[in-house]
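# Commentary on secondary and tertiary structure
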Amino acid sequence: VQLQASGGGLVQAGDSLRLSCAAYGGTFSLYYMGWFRQDPGKEREFVASISRSGSSTDYVDSVKGRFTISRDNAKNTVYLQMNSLKPEDTAVYYCAAKAYLGSANYRNIYDFQLWGQGTQVTVSS
């Protein structure tokens, strides 16, 4: 599976963006999916994840209530709807996939085998 993220951009604080991550070349529904972000000079951090069916989601505390992760297995795509954006949300956002048939949640970057190329999100104050 290859992942391609898109949807980033430059917005003002309080605005919304929806990121998309399209998967190519595999059975998308077999993958647990996540979104991570990274600022220059900082470690890549977990943002959100979603189970294969979409029935279970997980979020880092800083985005709870503002971001929503979802997926459409028919379209081989995972989304990250970001509302009420803040300047501290500025980062390159990456989607990631983990081949996994269980029900646990994962947040560590080393748990994910496949990564997209990243899309820049910049939030001005």
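I will try to describe carefully the structure that is included in this document. On a predicted model such as this, the values are computed, not experimentally measured, just so you know.

Now for the state of the cysteines. The final tally for this structure, using the stated rule, is one disulfide. Paired through a disulfide, Cys21 and Cys95 show a sulfur-sulfur distance of 2.1 Å. Taking the torsion about the sulfur-sulfur bond, which here is approximately 60°, the covalent link between Cys21 and Cys95 counts as right-handed. With Cys21 in strand E3 (residues 17–24) and Cys95 in strand E9 (residues 91–99), the pair connects residues that are 74 residues apart, well separated along the chain. Across the pair, exposure class does not vary: Cys21 and Cys95 are buried alike.

Strands sit in the order E1-E3-E8-E7 across an open sheet of four strands; the sheet is antiparallel. Every interior strand has two partners, whereas the edge strands, strand E1 (2–6) and strand E7 (67–72), have only one. Within the sheet, the average angular offset between the axes of one strand and its neighbour, ignoring direction, is 15°. Bridge count between E7 and strand E8 (residues 77–82): six bridges; the pairing is antiparallel. Looking at E8, one finds that Arg71 is bridged to Val78.

On a regular strand, one side chain projects to one face of the sheet and the next to the other, so that they alternate. Along strand E4 (residues 31–38), seven of the eight residues are buried, which leaves the element largely enclosed by surrounding structure. As defined by bridge partners, E4 adjoins E9 across eight bridges and the pair is classed as antiparallel. Across the sheet, residue Met33 finds its bridge partner in E9, namely Ala97. In this sheet, strand E5 (residues 45–50) lies alongside E4 in antiparallel orientation, the contact comprising five bridges. Of the residues in E5, the one forming a bridge with Met33 is Ile50. Following E4, the chain reverses through six residues before pairing antiparallel with E5; Gly41 in that reversal takes a positive phi of roughly 85°.

Attention shifts here to the pattern of salt bridges. Considering all chains together, one arrives at six salt bridges under this definition. One salt bridge connects Lys42 with Asp39, and the closest N-O pair in it is separated by 3.9 Å. Looking at Lys42, the relative accessible area reads 54%, which means it is exposed. A residue is classified by how much of its surface remains accessible, and Asp39, at 24% relative accessible area, is partly exposed. As a salt-bridge pair, Arg66 and Asp89 come within 2.8 Å of each other at their nearest N and O atoms.

Reading the values: rules and limits
- Residues numbered from 1 in each chain as written.
- Predicted model: local features only at pLDDT ≥ 70, side-chain atom pairs only at ≥ 80, totals over all residues.
- Heavy atoms only, no water.
- Disulfide = S-S within 2.5 Å.
- Helix = DSSP H or I, 4+ residues; strand = E, 2+ residues; numbered from the N terminus.
- Buried < 20%, exposed > 50% of the residue type's maximum accessible area, 1.4 Å probe, protein only.
- Pairing = 2+ DSSP bridges.
- Axes fitted to C-alpha atoms, helices over the stretch in contact; angles between N-to-C directions.
- Salt bridge = Lys/Arg side-chain N within 4 Å of Asp/Glu carboxyl O.

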